[in-house]
Amino acid sequence: MPELINPTSRLRVSFLAAIIEWRADRDYPVPWFVTDVDPPALVVPSAFDAYVARLLRERDEAADRAPGFVPMTTLWWTDGEHMLGRLAIRHRLTPALEKAGGHIGYDVRPSARRQGHASAMLAAEPAR
Ligand SMILES: CC(C)(COP(=O)(O)OP(=O)(O)OC[C@H]1O[C@@H](n2cnc3c(N)ncnc32)[C@H](O)[C@@H]1OP(=O)(O)O)[C@@H](O)C(=O)NCCC(=O)NCCS
């Protein structure tokens, strides 16, 4: 049964496979969080650990962040070891995010679309 979980190094292989799919997607613009990662570099487990740590740090109000970025909680929609989608909850908005982006970003990997995952992950509560 799919669940919303915190980003974890455990899903490295499936996450990177999903990134390859998102990069090849011709139905929607490739989202920034996909262009932001370099799959060959993240194959190295320690590099993936650092990437996951960065995602978790992004929720910290006190963390350093690039201009225009706001504190944000990223959650992964997963089924066992299988990455299905991701959800990003922006803790507040900037004038630019008020115009485009808003509080929630969500993406389902192309091979998992049209199966109800977006609806389900938006309705789900994060696993404890
Ligand atoms: C939009 C997206 C999240 C939908 O994910 P999904 O898991 O396929 O969506 P679901 O299967 O839960 O479908 C939800 C509803 O949207 C509809 N829908 C989904 N994709 C659609 C499409 N391409 N065209 C028309 N309707 C679509 C479904 O029919 C369903 O409608 P219903 O509730 O009336 O039955 C996915 O296509 C995606 O990741 N797109 C790229 C990123 C994006 O646009 N994110 C949203 C804005 S941040």
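Because the structure is predicted, anything quoted here is derived from the model rather than measured. (Residues numbered from 1 in each chain as written. Predicted model: local features only at pLDDT ≥ 70, side-chain atom pairs only at ≥ 80, totals over all residues. Heavy atoms only, no water.)

Caption draft 1: Focus on the site of the ligand. Near the ligand you find Tyr 28, Gly 105, Tyr 106, Asp 107, Val 108, Arg 113, Arg 114, Gln 115, Gly 116, His 117, Ala 118 and Ser 119, and these make up its full shell. At a separation of 2.7 Å, an oxygen atom of the ligand approaches a polar backbone atom of Gly 116. Relative to its free-state accessible area of 910 Å², the ligand is covered by the protein chains to the extent of 54%. Broken down by secondary-structure element, the contributors of at least two residues to the shell around the ligand are strand E4 (104–108) and helix H6 (117–123). With four residues, E4 is the largest single contributor of residues to the shell around the ligand. Within the shell around the ligand, the residues separate by chemical class into four nonpolar, five polar and three charged. (Near = heavy atom within 4 Å. Polar contact = N/O pair within 3.5 Å; in protein donor to acceptor, adjacent residues only side chain to side chain. Areas by Shrake-Rupley, 256 points an atom, 1.4 Å probe, with all protein chains shown as cover. Helix = DSSP H or I, 4+ residues; strand = E, 2+ residues; numbered from the N terminus. Nonpolar A, V, L, I, M, F, W, Y, C, P; charged D, E, K, R; others polar.)

Caption draft 2: Layout of the sheet that holds strand E3 (residues 82–90). Spatial strand order, E1-E2-E3-E4: four strands in an open sheet with antiparallel pairing. Edge positions in the sheet fall to strand E1 (3–5) and E4, since each of these pairs with one other strand and no more. When strand polarity is set aside, the average angle formed by the axes of neighbouring strands in this sheet is 25 degrees. Pairing analysis gives three bridges linking E1 to strand E2 (residues 72–79), with the strands arranged antiparallel. Within the sheet, the bridge partner assigned to Glu 3 lies in E2 and is Thr 78. Most of the contacts of helix H1 (residues 12–24) go to E3, to which it runs at about 75 degrees, and overall it touches E2, E3 and E4. (Pairing = 2+ DSSP bridges. Axes fitted to C-alpha atoms, helices over the stretch in contact; angles between N-to-C directions. Contact = heavy atoms within 4.5 Å.)

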